[in-house]
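A closer look at the structure
Take a look at the letters that make up each chain.
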Amino acid sequence: MQRVHNFNAGPSAMPLAVLQKVQAEFLDFAGTGMSIVEISHRSERYQQLQEETKQTLRRLLHIPDGYHIIFLQGGGSLQFVMHSANFLRRRGAYVNTGVWSDKAMAAAAAYGEVYEAASSKKDGFSYIPRLTEGAIREATDYLYITSNNTIHGTQWASYPKVSVPLFGDVSSDFLSRPIPIERFDFLFAGAQKNIGPAGVVVAIIKDSLVAGANPDVPAMLRYDTYVKHDSVYNTPPVFAIYFIHEVLQWLEREGGPEEMARRNERKAAMIYEVIDDSDGFYRGHADKNSRSRMNITFNLPTSAYEEAFIRESEQHHFVGLKGHRSLGGCRASLYNAVTEESCTALAQFMKTFRKNH
Ligand SMILES: *Cc1c(COP(=O)(O)O)cnc(C)c1O
């Protein structure tokens, strides 16, 4: 078996130690004589596992009392619908930083008035726009942001302070760095970018927000259903939650989001340095002060070069360096589980490729 250098954007690399543990106990979960996928979600053993998952997440992110942690299905995309179905009563404000916020805003338009409080659309989403004075209109229910823009490779360096509830799609940088939870009323992350397999979304939601939600929403689409039933109103994605449990344990052993932030900073710096020192051979898509530590987007002089780059990278066991179809070019995703060794190897490959071409 040869494991590759995995730079996939999502689903993406998972920690090897976690994959091995999951494999080792797949036939017999915690001495039950059953696989994790064979036990009841109502069993005491599963309940304990889910509770531990929540407690570990609470410790890792210092989640204050007054916030619920819930597990949902339907991916990040269903949250585009749910946040607005539940909380858009008058107007929703959006910072448009790319494909995902664009989609969230489009979905929300079905439930009320939406507007862009700021946008970098006209500049190809190459930066995080500033929120100017007066950007948030009166009677606005919330401001919605996307903390890391997986496709365009930009990331909020720090979060805005606003007078309305702040909502965050943190799918692609969740647990990659500390986050001031108390500044948000609602956060969600699809697991498959940084914390587990596809099929589950982790949401952190303020109790007071849930209490004020629109009551005319079907049960499966209401956050209070998940809160009241502790995410087991119906069968939760047991395997995905178990997997997250293992990733969180790994994260805690490794030093948590604080240590991940230091590693991710070093990893990203290696690749950006190659881009910046390449005399324009590699051109980063994002403005320097908006650069993502998770997804590095770049172009080569022509698309023929880019094709050659992808082809040669694959011959050298690098995977996932092709850019998203909507943007083109190249992209390297450096989630928590991508090792510094893989990043060193990629930086070296990029230098060599440039020299040879
Ligand atoms: C991938 C992604 C989504 C969409 O996730 P799905 O689970 O495919 O619906 C939403 N937001 C961000 C920031 C993402 O990276």
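Here the residue numbers are simple positions, counted from 1 along each chain's written sequence. At least 70 in pLDDT is required for a residue's local features to be given in this predicted model, at least 80 for side-chain atom pairs to be given and counted, and no such filter applies to totals for whole chains, interfaces and linings, which use all residues. With hydrogens and water set aside, each side-chain value is computed from the structure's full complement of heavy atoms.

With that settled, consider the UniProt feature "modified residue: N6-(pyridoxal phosphate)lysine" (unreviewed entry) in the protein. Here the UniProt-annotated "modified residue: N6-(pyridoxal phosphate)lysine" (unreviewed entry) positions come out as Lys 193. Considering the arrangement of structural elements, one finds Lys 193 in the loop between strand S9 (186-190) and strand S10 (201-206). Here Lys 193 falls in the buried class, since its relative accessible area comes to 12%. Apart from residues lying up to four places away in sequence, Lys 193 is in contact with Ala 9, Gly 10, Ser 12, Thr 150, Ser 171, Ser 172 and Tyr 335. UniProt positions are given in the numbering used here, feature names are shortened, and annotations may be inferred rather than shown by experiment. Working definition: helices are DSSP H or I runs of at least four residues, strands are E runs of at least two. Numbering for both runs from the N terminus. Summary of the burial criterion: residues with accessible area below 20% of their type's maximum are buried, those above 50% are exposed, and those between are partly exposed, where the area comes from a 1.4 Å probe applied to protein chains only. Only heavy atoms enter the contact rule, under which two residues are in contact if any of them lie within 4.5 Å.

Between its first and last C-alpha atoms helix H7 (residues 238-254) spans 24 Å; for 17 residues at 1.5 Å apiece the expected length is 24 Å, and the two agree. The buried count for H7 comes to twelve of 17 residues, which makes it a mostly enclosed element. Within the sequence span of H7, burial applies to Val 238, Ala 240, Ile 241, Tyr 242, Phe 243, Ile 244, His 245, Glu 246, Val 247, Leu 248, Trp 250 and Leu 251. Its buried side turned inward, H7 meets helix H1 (16-24), helix H2 (44-61), strand S2 (67-72), S10 and helix H8 (256-276). Gly 255 lies just past H7 and shows a positive phi near 115°. Under the convention used throughout, the expected extent of a helix is 1.5 Å for every residue step, that is, one less than its residue count.

Attention shifts here to the domain arrangement of the protein. Reported domain spans reflect what an automatic or database domain assignment gives. As assigned here, the protein comprises domain 1 (16-254) and domain 2 (255-356). Each of domain 1 and domain 2 has a C-alpha centre, and the two are 26 Å apart. Taking both partners together, domain 1 and domain 2 bury about 2,200 Å²; carbon and sulfur atoms supply 51% of that area. Only one rule defines a salt bridge in this text: a Lys or Arg side-chain nitrogen within 4 Å of an Asp or Glu carboxyl oxygen. The interface formed by domain 1 and domain 2 holds one salt bridge in total. Once two parts are put together, the accessible area they lose, assessed with a 1.4 Å probe and summed over both, is termed the buried area.

Neighbouring residues are identified by heavy atoms, a residue being near a molecule or strand if any of them is within 4 Å of it. In the vicinity of the ligand, 13 residues are found, and the nearest of them are Ser 77, Thr 150, Asp 169, Gln 192 and Lys 193. Pairs of N or O atoms are called polar contacts if they sit within 3.5 Å, as long as, within protein, a hydrogen donor faces a hydrogen acceptor (for residues adjacent in sequence, only side-chain-to-side-chain pairs). The side chain of Trp 100 places a nitrogen or oxygen atom 3.5 Å from an oxygen atom of the ligand. A distance of 2.5 Å separates an oxygen atom of the ligand from a polar atom in the side chain of Lys 193. Areas reported as accessible are Shrake-Rupley estimates using a 1.4 Å probe. Residue values count occlusion only from the protein chains shown. When the free accessible area of the ligand is taken as 390 Å², the share hidden by the protein chains comes to 86%. Ranked by residues supplied to the shell around the ligand, first place goes to helix H3 (residues 75-87) with four residues. In the scheme used here, Gly and all other residues not listed as nonpolar or charged are polar, with Ala, Val, Leu, Ile, Met, Phe, Trp, Tyr, Cys and Pro taken as nonpolar and Asp, Glu, Lys and Arg as charged. A per-class count over the shell around the ligand returns two nonpolar, nine polar and two charged.

The way to describe two aromatic rings as a pair is by their centre distance and the angle between their planes. Here the aromatic set is Phe, Tyr and Trp, taking the six-membered ring for Trp, and pairing holds for ring centres within 6.5 Å; pairs whose planes are under 30 degrees apart are stacked, those over 60 apart are edge-to-face, and all others are tilted. Applying the stated criterion to the full structure yields 27 aromatic pairs. On the basis of an interplanar angle of 40° and a centroid distance of 6.3 Å, the ring pair of Phe 80 and Trp 100 is categorised as tilted. With Phe 80 in helix H3 and Trp 100 in helix H4 (residues 99-108), the pair connects residues that are 20 residues apart, well separated along the chain. Ring centres 5.8 Å apart and planes at 85° place the aromatic pair Tyr 282 and Phe 298 in the edge-to-face group. In this pair, Tyr 282 sits in the loop between H8 and strand S11 (283-284) while Phe 298 sits in strand S12 (residues 295-299), placing the two residues 16 residues apart along the sequence. Accessibility assignment for this pair places Tyr 282 and Phe 298 in one class, buried. Clustering of aromatic rings is evident, with ring pairs tying together Phe 80, Phe 87, Tyr 94, Trp 100, Tyr 142, Tyr 144, Phe 167, Phe 186, Phe 188 and Tyr 223. Geometry around Tyr 115 places Arg 137 over its ring, the cationic atom sitting 4.0 Å from the centre. Either the NZ atom of lysine or the CZ atom of arginine qualifies as a charge over a ring when it sits within 6 Å of the ring centre and within 35 degrees of the ring normal.

In these notes, a set of buried Ala, Val, Leu, Ile, Met, Phe, Trp, Tyr and Cys residues joined through side-chain atoms within 4.5 Å is what counts as a nonpolar core. Leu 57, Leu 61, Phe 174, Leu 175 and Ile 204 are the most contacted members of the largest nonpolar core, which has 53 residues in total. Within the second largest apolar cluster, 28 residues are counted, among which are Tyr 282, Leu 300, Ala 337 and Cys 343.

Okay, unusual backbone geometry next. Backbone torsion omega between Gly 10 and Pro 11 reads -10°, so that peptide bond is classified as cis. Take Pro 11: it is sitting in the loop between strand S1 (5-6) and H1. Residues other than glycine seldom take positive phi values, yet Ala 139 does so here, at roughly 60°. In this structure Ala 139 comes out as partly exposed when scored by relative accessible area, which is 34%. Unlike most non-glycine residues, Ser 231 shows phi in positive territory, near 65°. Among the structural elements, Ser 231 can be located in the loop between helix H6 (223-228) and H7.

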